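Understanding the architecture of this molecule
Listed here are the chains, written in short residue letters.
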Amino acid sequence: MTAPLLALREVTVEFGGGHRPAVRGVTLSLAAGEVLAVVGESGSGKTVTAMSLLRLLPDTAVLSGSALLAGQDLYRMSPAELRAVRGGRVGVVFQEPMSALNPVFTIGHQLVEAVRAHRPWSRSRARRRAVELLELVGLPDPEQRLRAYPHELSGGQLQRVVIAMAVACEPALLIADEPTTALDVTVQAEIIDLLRDLRDRLDVAILLITHDMGVVAGLADRVAVMKDGEVVEQGDVLDLFARPRHPYTRELLSAVVSLSPLDEAVVSTLPAAVPSAKAALVVDDVTVVYGGRFGRSAVRAVDRVSLHVEPGEVLGLVGESGSGKSTLASVVTGLRSPTSGRVVVAGRDLSTVRRAERRAARGRVGVVFQDPTSSLNPRATIARTIAEPLLLHPRDVDADRRVDELLELVQLDVSLRSRYPHELSGGQRQRVGIARALVLDPALLIADEPTSALDVSVQARVLDLFRSLQERLGFACLFISHDLAVVERLADRVAVLRDGEIVEQGPAADVLTRPRHPYTARLIAAAPVADPVVQRERHTRWRELTG
Amino acid sequence: MLRRDRWALAGAVTIALLALLAVGADLWTAIEGQDPYTYRTEALDPATGAPAGPLGGVGADHWFGVEPLTGRDLFAIVAHGARTSFLIGLAATALSVLIGVLLGATAGYLGGALDRVVTWSADVILGFPYLVFMIALAAVVPGEVPRPLLLVLVIGFFGWPSIARIVRAQTLTLRTRGFVSAARSLGAGPAHVFRHELLPNLWGPIIVVSTLSIPGKIGLEAALSFLGLGIPPPTPSWGRAISAAIDWVATDPMFLVFPGAALFLATWSFNVLGDGLRDALDPRTAVLR
Amino acid sequence: GANEQPQGAGQAAATRGGTLRVLSEGQTVNFDPAKSASLAVTSLALVHRRLTAWHNKPGEQAKVVPDLADVGKTEDGGKTWTFTLQEGLKFSDGTPITSADVKWGVERSFAPSVSGGLGYHKQLIDGGADYRGPFEGAELKGVETPDARTIRFRLVRPYGDWPWVVSTPAFAPVPKGKGAEPDYAEHPVASGPYQLAKYQKGVEAKLTRNPHWDEKTDQVRAGLPDEVVFQLGQDASVVSQRLTADSGDDKSAFGSSFVSAAQLAQLSGNASAKQRVVTSKSGALAYLALNTEKAPLDNPKVREAFQYAVDKTSFQIASAGNAQLAGDVATTLITEGIPGRERFDLFPAPPAGDPEKAKKLLAEAGFPNGLQNLDFLVAKTNNAPEKAQALQASLARAGIQTTIRTLDGDAYTEETSVAPTAKFDLTLASWQPDFPSANANIQPLFASSEIGGGGYNLSRYRNPEVDKLIDAAQATVDPAEAGTKWAAIDKLVLQDSPIVPLIYTRNSFLRGSKVTNLFIADFPAYPNYLQVGLTS
Amino acid sequence: MGTAKFVGSRLAGAVLVLFLVALSTYAVFYLVPADPALQACGRPCTDQNLALAREFMGYGDPWWRQFLDFAGGLFTGRTFGSGPTAIRCDAPCFGYSFAQNTEVLTLIGERLPVTVSLAVGAALLWLVTGVGAGVVAALRRGTAWDRIALASSVAGVSAPVYLVGLLGILLFGFTLDVVPVGGYVPFTTSPVDWAWRLALPWAVLAFSHAAVYTRLTRAQMLDTLGEDYIRTARAKGLTETKVVGKHALRNVLLPIVTVFGVDLGTLLGGAVITERVFGLPGLGGLLIDAVGQRDLPVLLGCTLFAAFLIVAANVVVDLCYGALDPRARLT
Ligand SMILES: Nc1ncnc2c1ncn2[C@@H]1O[C@H](COP(=O)(O)OP(=O)(O)OP(=O)(O)O)[C@@H](O)[C@H]1O
Ligand SMILES: Nc1ncnc2c1ncn2[C@@H]1O[C@H](COP(=O)(O)OP(=O)(O)OP(=O)(O)O)[C@@H](O)[C@H]1O
Ligand SMILES: [Mg+2]
Ligand SMILES: [Mg+2]
């Protein structure tokens, strides 16, 4: 191996305010054309390490150590040099795409800007490049999308935009922080292909931060494992997967859940296919149309969808990115009224009942939002946020105790109570969202990608938590996820959404092992497996399947 | 958190001092041996009516010098004026902020017909010939109505539209933010959303606009006293002293400097305190410094 | 009268020509004679001549003198007055000025569409009471024009001051048949030395020479500058600063508004500017009006206490910084420079007042503890609130507690002079007669007919004997005889103390260094615009 | 709701607002204890003359009747008096000023250019300086720059405009003699003179108005700079100027534009004191004189005009919201 493209030495990052250093003595290196995956516990300092490279951390962060990019220390660069590196030689994919884009500029504007920051191109040429980039990341209708504002795109679509932005100027180093969390497996596979292609064609080095061991297995050359701000183990991917040395690594790998093989599944008992009278949630023929603006065509985000969730049942909602899952969730949670159709929660049609009753009903529904960052009030501490439902629907419990209890349940340190959202890692924020949704012991839980930002070990524990709670309380759950393995583990039934329509619905085991619809089959085929050898094989097969 | 912010602390101390000046006005002037009403023409320059002696007659007898043409003690005027001006300025500001924030946030959050009614009312009030209204009011309101209360009501009322418009604008973007949706999905009603989600994120502009409106309100109090609606002379007021002093800038600048500095300090202190408060309320900047 | 600087002294000789600028606060100047209340020596008189004019020179009493016509003759003791116009008078459009034009002008002033000027004649001319102007064809029967140069007025009662009345703006000629349009003010046909060349409201009014004005027919107008420009809408303080700086065009300008106390104080430190301040020798009577209809001020004894309680010195200081600039202490109603004025002091006290005596009087009147809660109403204009505070403080020395109530101009007028009953106890006012006769000094302020309805009898003084005497004095034609009668009324009224005379307010004006002949006679306390010229 | 419909509904609202303003002006005007006809009565004023003047000016009827007459005049024009002295005021008749012998619309039209020149120039100046200073204060938070920006803002709002104007004239007009004092030269006559004469009034107005922009910008900027998308913008390699001046500023503009709308609307109705100090014949002087002289038609005209501008400015501002922040698009 030649001199590394990127070399981190003894990087330590401290935040003011008496916190422990978030990153301690991290030493890593990365050669051109190499993919280094950084995995580890949520909150272990992966994002902070990556962001420190381009000095994108808040002013409160104090950096020490060195980070050499082709021999030049990034930590000591002049602002002008740094500017040339940012977006030019180093591209970044941010962990939370939904808040990473400026809400007041169109996608196209922001892409064009990214291109023109480093290329002396005309606006129209940059625009052509933007279209090309969106095609590259598999966003349908790129011309149209350029004129969309961030809030008009789904989580996965935004993530692809952020990826497009990061690779816009063909960087030598790509920092990809959870680049696939919001993507369904087919798109995810395409993105991995894209990254692999970049590496092969342009010799791009990739610093890949992810929780998805399948992605690691499919893409990485080397792996570094972080825990508690330190790198506990690093090595070749095959080696590490085969012979994990550090106990944490072992724990991590063992926590990985995989999709059952297609034929090995056991047929479970069939729950009712038609909603019973007691159904916790009935979605009846719901359509949501986003109005077209300035002569643009309207988007039918949800198209005549009917589904239901019985008490004590978990309905997994899977489907393509942009297929209308979050939209459906927003209808169910009452944030958006459907263009047509009916939503019945616990036997009551929420559009007809009185306001007080509707509000009371909300207390029985817990919601986990897809974008944890924006769903947390930046001016409220974690404890206040988690306790908020208790303010709205007073219970006879001690709020403080309840908050501590929940923090523990979602594996968050109680010391985080008084922090503000921006002082947390992505996964920590997501768990705050989960805790808030559970604080009232809801009868119905709507969870939109609740575990996407969690490392597998924490994810496993959260899933266990769901399970046990469900057993204890018997709540119903609409569980939206891209991770088919997770869905399989948790869901009783699965509905597959595509282009706003339900293409298939049935018992989980059934749908995931004997898919009837070709789209479902493709989804299952695309799901990555956390084994480098198997995953590489699967990938080849998938390539053949999609042609 | 404020304790760590030296400037905010300075602001708080200044406010406390001004409040002390107002509350103890009688005591301070008694110590000085003056009062704000007695004419002391002997302290004036017989040729011009301007204060005799340098610096507007500043000395041991008259700490801030004397008022031209009357010889009344300027320190006494400033100290007693603090009562009128401080009280009215603050109370009126509080009233406008209260109305403005409530209406603005409700209009922005709930939208629809309510929004339109609030917007129109704000427009009507902004376009309203308030000068004529004040003149009319001065003549209509019976003398028994306590003037300070009347002033606070009138000034406060005419001040809400601009605050409401800003708050409304902010609310319009805030209401689309995820955390507001999150609260709504939890069954939060407008009151809860306002109190817990909007308000903490609105403090920035509210503090700015309200602290900066204090001098305008004190000036309006002075203007209204000329229309017969304010606190009648000779009750001292900063606004009236300043407006009288403008004519004398060239001859007796100290006449302007003392009440002017008092007004400046009052506004300044509320602004730095506001800054400190804003920073303290903003978790992202609070840790700095 | 300790006025050290004789009026007009130190001013260089005037030459003909140049552009004189008048820096004026008002947004408009009105050159419509029917709508103007302008004095006979200021702006309007530059454009319009009237039947008679005022002779006013510093140190001399004002006198009525011929203008378009002679000073008038009466054969029946003041009920019929005949005036003969001079020969060869022409309007600015070249047409001759005839008695018909003067009559038309007078008639026109009765039309509601153009009313608003001085209207002393309206109730006096026979038939005037229900005359509505000439535009619908009706004629005013009390005005006759036997020939082109003769005009005769028949009055409803004998009126000795009629020659003064015809010096008011309504007696300026308007070409017969013209002036129906309400904006006649913007293109009036001139008879004076200047005509209105350009008029922009809020900006300027520019007067240029009237080629048809004949200097020889006019003994009161010098017509020295080639142009007179009124710069409108100017802030008084800024004007004062500009004139102090005295640069460029401002050298040939003067300010038409009073120089305030603060500005005077500033000027006192500036030798060159100080020299250019022109202060009148006397001026409007500033007085404290006592509401004689309302207890306790309906008691003359109580009112008398006020004569002693007030501190006129502090009032002077509050007005202008010192006694000299403010004006002399007033003890009579008739002001200086008015024929027939007699000096007297019914309530002798030091200028700073005699609070002890006031207390004693109050005690005698049954108020040993003084008076509480008197409503002291003031207008917000003219620094009245500041001056009122000085009075308030001085009254307090005598145990008279007052509460000042400030009102905006018209609200003040409404309460003091329009409303049928008045709520206030005291009010601060000042009066400058519209023409230099004791009549104009006393009748508007003390005749019972002037209570309410827009009249200026603010103290609401009602004394049938005084009313009778006023009527008699008005009917007296001989000025000397009338003068004595007025002086007697002056004393009689003051014995009742309806008002407390304070000072004869001096007015100060500031001129640029090239302005000359800017003098202020004993009456009125305004510069005589007609004589002002420029040095080269 | 489409943009057209939005504008339509706002226009309807504007008409309603103007109607209410006119109605309340009338009502309030008649609460003021003063007789507008008194001015036209002259001195000495007899009851008879007063009644005549009142009748001629149309003040004889009850106020609501007069209001209806006024409203009718907007569409059909009005005639005051009768016979040869009658005054005709064609539709749209905003009334006729007897004090100034001119139709109100003409009066406003004459003075509008001055006020617009003054207001727009000053507004641009304070917008640029205010927002600029606010950005600097936010970026250099806690430094001397921040403190200076604060102190001058507070000085700006605390100092009466009249005082600032007077001192400005004394300093720049007389002592330093760098700018001409007062007077107005139409833009069409000489753009250079126009700007030169307005420079000082602009600066004075800007000084007193900029404060709230500086402070609002600073506060909002500090909020915005912590957002994730600012980090994204930086990660693209944009210059700090672009990051702050574009990405952050754009998100800060909403309240700024709001205040600007209110300020500009109000100012276009007349900057009374500034016009006065600098001898500018603008709407403010007209309005103040009208208040002083109880010239109801002019007062009403000016008020309506000012209200119209305020409403118009606010409609524009509301339309801007959608453009500035697509999420805040009104429905
Ligand atoms: N601005 C901040 N102030 C204080 N602490 C912070 C701040 N940002 C992050 N942290 C802390 O630093 C630690 C590392 O955070 P980081 O975002 O790097 O975690 P991560 O490994 O990316 O986790 P995840 O997988 O959940 O995204 C966390 O414990 C977090 O709470
Ligand atoms: N406000 C909006 N205006 C217009 N179109 C919108 C809006 N919000 C979402 N859409 C479109 O509606 C479709 C469905 O979006 P939604 O967010 O429901 O997708 P999703 O299934 O949650 O996708 P993901 O898995 O990527 O989060 C997308 O094509 C998106 O572009
Ligand atoms: Mg992270
Ligand atoms: Mg989604």
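It should be emphasised that the depicted structure is a prediction, and the values quoted were computed from it without experimental measurement.

1. As for the overall build of chain A
- Along the backbone of chain A there are 21 helices and 20 strands.
- For 547 residues, the compact-globule estimate of 2.2 N^0.38 gives 24 Å, and chain A sits close to it at 23 Å.
- Projected onto its principal axes, the C-alpha positions of chain A cover 70 × 50 × 50 Å.
- Out of the 547 residues belonging to chain A, those deemed buried represent 60%.
- The long-range fraction of contacts in chain A, counting pairs at least 24 apart against all pairs at least 6 apart in sequence, stands at 69%.
- When the accessible surface of chain A is totalled, it reaches about 20,900 Å², and 49% of it is carbon and sulfur.
- Here chain A contributes 65 positively and 67 negatively charged side chains, and the mean placements of these two sets differ by 5 Å.

2. As for the state of the cysteines
Residues and elements named next belong to chain D.
- Under the counting rule described, the total for this entry stands at two disulfides over all chains.
- For Cys 41, the disulfide goes to Cys 45, at an S-S distance of 2.0 Å. Taking the torsion about the S-S bond as the criterion, the Cys 41 to Cys 45 disulfide, at about 95°, is right-handed. Each member of the pair Cys 41 and Cys 45 is classed as buried.
- Between the sulfur atoms of Cys 89 and its disulfide mate Cys 93 the distance is 2.1 Å. Looking along the S-S bond of the Cys 89-Cys 93 disulfide, the torsion reads about 110°, which is the right-handed sense. Taken as a pair, Cys 89 and Cys 93 share a single burial class, namely buried.

3. As for the nonpolar core
- By size, the foremost hydrophobic cluster in this structure holds 272 residues, and its most contacted members are Trp 238 of chain B together with Leu 51, Phe 153 and Trp 162 of chain C.
- It is helix 7 (residues 191–225) of chain D that provides the largest number of residues to this core, a total of 16 residues.
- Summarising the domain contributions, this core has at least three residues from each of domain 1 (16–103) and domain 2 (105–324) of chain D.
- For Phe 153 of chain C, the contacting residues outside a window of four places in its chain are Leu 51, Lys 79, Thr 80, Trp 81, Phe 83, Val 106, Ile 125, Gly 142, Val 143, Trp 162, Val 166 and Phe 171 of chain C.
- Formed by 99 residues, the second largest nonpolar core is a distinct cluster that contains Val 131, Val 187, Val 215 and Leu 252 of chain A.

4. Quick notes on the pairing of strand 6 (residues 90–93) of chain A
Residues and elements named next belong to chain A.
- Where burial is concerned, the two faces of strand 6 agree: the one with Val 90 and Val 92 and the one with Gly 91 and Val 93 are both buried.
- Pairing of strand 6 with strand 7 (residues 173–177) involves four bridges; the strand directions are parallel. Along strand 7, the bridge assignment pairs Gly 91 with Leu 174.

5. Quick notes on the pattern of salt bridges
- The tally for this structure, following the rule as stated, stands at 78 salt bridges over all chains.
- Across the pair Asp 70 of chain C and Lys 73 of chain C runs a salt bridge, and its minimum N-O distance is 3.2 Å.
- Its relative accessible area of 21% is what places Asp 70 of chain C among the partly exposed residues.
- Counted as one network, the salt bridges with shared partners bring together Asp 115, Asp 123, Arg 165 and Arg 168 of chain B together with Asp 318 of chain D.

6. So, the interface of chain C and chain B
- Each partner contributes to the interface: chain C provides 26 residues, whereas chain B provides 23 residues.
- Here chain C packs against chain B, burying approximately 2,000 Å² in sum over the two surfaces, 62% of which is carbon and sulfur.
- Summed over the three residues of chain C that lose the most area to chain B, namely Ala 262, Ile 317 and Gln 389 of chain C, the buried surface amounts to 23% of that side.
- Applying the counting criterion to the chain C and chain B interface returns zero salt bridges.
- Our enumeration of links across chain C and chain B arrives at six residue pairs in polar contact (both at pLDDT 80 or more).
- Put simply, the parts of the chain that give the side of chain C that touches chain B at least two residues each are helix 5 (261–267), helix 8 (312–320), helix 11 (384–397) and strand 15 (400–407) of chain C.

7. Focus: the site of ligand 2
Residue and element names in this part refer to chain A.
- Taken together, the neighbourhood of ligand 2 is formed by 21 residues, with Gly 156, Gly 322, Lys 325, Ser 326 and Thr 327 sitting nearest.
- Between Thr 327 and ligand 2, the recorded distance is 2.4 Å, taken from a side-chain N or O atom to an oxygen atom.
- Relative to its free-state accessible area of 630 Å², ligand 2 is covered by the protein chains to the extent of 91%.
- At the level of secondary structure, the elements contributing two or more residues to the shell around ligand 2 comprise helix 7 (155–167), strand 12 (299–309) and helix 12 (325–332).
- The class makeup of the residues in the shell around ligand 2 is five nonpolar, 13 polar and three charged.

8. Observations concerning the UniProt feature "transmembrane region" (unreviewed entry) in chain B
Residue and element names in this part refer to chain B.
- When the UniProt feature table is mapped onto this chain, "transmembrane region" (unreviewed entry) is found at residues 86–112, 124–143 and 149–167.
- End C-alpha atoms of residues 86–112 are separated by 38 Å, and the span's content is 96% helix alongside 0% strand.
- Across residues 149–167 one finds 100% helix and 0% strand; the C-alpha atoms that close the span lie 26 Å apart.

9. Quick notes on the packing of aromatic side chains
- Taken as a whole and assessed by the stated rule, the structure comprises 41 aromatic pairs over all chains.
- Considering the side-chain rings of Phe 466 of chain A and Phe 479 of chain A, the 6.2 Å spacing of their centres and the 85° angle between planes classify their relative orientation as edge-to-face. Residue Phe 466 of chain A is found in helix 17 (residues 456–473), and its partner Phe 479 of chain A is found in strand 18 (residues 476–480); the two are separated by 13 residues along the sequence.
- On the accessibility criterion, Phe 479 of chain A (0% relative accessible area) is buried.
- A connected cluster of aromatic rings, assembled from ring pairs, spans Trp 63, Phe 64, Phe 75 and Phe 258 of chain B.
- The side chain of Arg 119 of chain A reaches across the aromatic face of Trp 121 of chain A, ending 5.9 Å from its centre.

10. Observations regarding the coordination of the magnesium ion (ligand 4)
All names here are of chain A.
- Looking at the magnesium ion (ligand 4), one finds its protein donor set to be Ser 326 (OG) and Gln 370 (OE1), positioned 1.9 to 2.1 Å from the metal centre. Of the two residues, Ser 326 is situated in helix 12 and Gln 370 in the loop between strand 16 (365–368) and helix 14 (382–392); the sequence distance between them amounts to 44 residues.
- Assessed through its relative accessible area of 14%, Gln 370 is described here as buried.

11. Observations regarding the site of ligand 1
All names here are of chain A.
- Neighbouring residues of ligand 1: 22 residues in total, closest Ser 42, Gly 43, Thr 47, Ser 425 and Gly 427.
- Contact between ligand 1 and Ser 44: an oxygen atom at 3.2 Å from a main-chain N or O atom of the residue.
- One of the backbone N or O atoms of Gly 45 is found 3.0 Å from an oxygen atom in ligand 1.
- Protein contact buries 92% of the 630 Å² of open area that ligand 1 shows by itself.
- Among the secondary structure elements, those contributing two or more residues to the shell around ligand 1 are helix 1 (46–53) and helix 16 (426–438).
- Per-class residue counts for the shell around ligand 1 are five nonpolar, 13 polar and four charged.
- When we break the shell around ligand 1 down by domain, the ones giving at least three residues each are domain 1 (1–89 + 174–259) and domain 4 (381–440).

12. Digging into the interface of chain D and chain B
- Across the boundary between the two partners, chain D contributes 62 residues, which contact 53 residues of chain B.
- Carbon and sulfur atoms supply 68% of the area buried between chain D and chain B, which totals about 5,000 Å² over both sides.
- On the chain D side of the contact with chain B, Arg 141, Arg 147 and Arg 215 of chain D bury the most area, a combined 12% of that side's loss.
- Linking chain D to chain B there are six salt bridges.
- The tally of links from chain D across to chain B stands at eight residue pairs in polar contact (both at pLDDT 80 or more).
- Secondary structure elements with two or more residues in the side of chain D that touches chain B: helix 1 (3–31), helix 5 (144–158), helix 6 (161–175), helix 7, helix 9 (240–268), helix 11 (283–293) and helix 12 (296–324) of chain D.
- Considering every element that reaches the side of chain D that touches chain B, the biggest residue donor is helix 1 of chain D, with 13 residues.
- By residue class, the composition of the side of chain D that touches chain B is 39 nonpolar, eleven polar and twelve charged.

13. Concerning the UniProt feature "domain: ABC transmembrane type-1" (unreviewed entry) in chain B
- With numbering matched to this structure, UniProt assigns "domain: ABC transmembrane type-1" (unreviewed entry) to residues 82–274 of chain B.
- Between the end C-alpha atoms of residues 82–274 of chain B there is a gap of 20 Å, over a span that is 83% helix and 0% strand.

14. Remarks on the sheet that holds strand 13 (residues 285–290) of chain C
Residue and element names in this part refer to chain C.
- Here five strands make up an open sheet; going across it, the order is 15-14-16-13-17 and the pairing mixed. Two strands bound the open sheet, and with one partner strand each, they are strand 15 and strand 17 (499–504). Within the sheet, the average angular offset between the axes of one strand and its neighbour, ignoring direction, is 25°.
- Relative to strand 15, strand 14 (residues 371–379) runs parallel, the two being bridged by seven bridges. Counterpart to Leu 374 in the pairing with strand 15 is Thr 402.
- Set on the sheet, helix 7 (residues 300–309) makes contact with strand 13, strand 14, strand 15, strand 16 (426–431) and strand 17; between it and strand 17 the angle comes to about 25°.

What counts and how
Residues numbered from 1 in each chain as written. Chains lettered and ligands numbered in written order. Predicted model: local features only at pLDDT ≥ 70, side-chain atom pairs only at ≥ 80, totals over all residues. Heavy atoms only, no water. Helix = DSSP H or I, 4+ residues; strand = E, 2+ residues; numbered from the N terminus. Rg over C-alpha atoms; globule rule 2.2 N^0.38 Å. Buried < 20%, exposed > 50% of the residue type's maximum accessible area, 1.4 Å probe, protein only. Contact = heavy atoms within 4.5 Å. Areas by Shrake-Rupley, 256 points an atom, 1.4 Å probe, with all protein chains shown as cover. Lys, Arg positive; Asp, Glu negative; His and termini not counted. Charge placed at Lys NZ, Arg CZ, Asp CG, Glu CD. Disulfide = S-S within 2.5 Å. Core = buried A, V, L, I, M, F, W, Y, C linked by side-chain atoms within 4.5 Å. Domains from an automatic or database assignment. Pairing = 2+ DSSP bridges. Salt bridge = Lys/Arg side-chain N within 4 Å of Asp/Glu carboxyl O. Buried area = accessible area lost by both parts, 1.4 Å probe. Polar contact = N/O pair within 3.5 Å; in protein donor to acceptor, adjacent residues only side chain to side chain. Near = heavy atom within 4 Å. Nonpolar A, V, L, I, M, F, W, Y, C, P; charged D, E, K, R; others polar. UniProt positions renumbered as here; feature names shortened; annotations may be inferred. Phe/Tyr/Trp six-rings, centres within 6.5 Å; stacked < 30°, edge-to-face > 60°. Lys NZ or Arg CZ within 6 Å of the ring centre and 35° of its normal. Donors = N, O, S within 2.8 Å, 3.2 Å for Na, K, Ca; no water. Axes fitted to C-alpha atoms, helices over the stretch in contact; angles between N-to-C directions.

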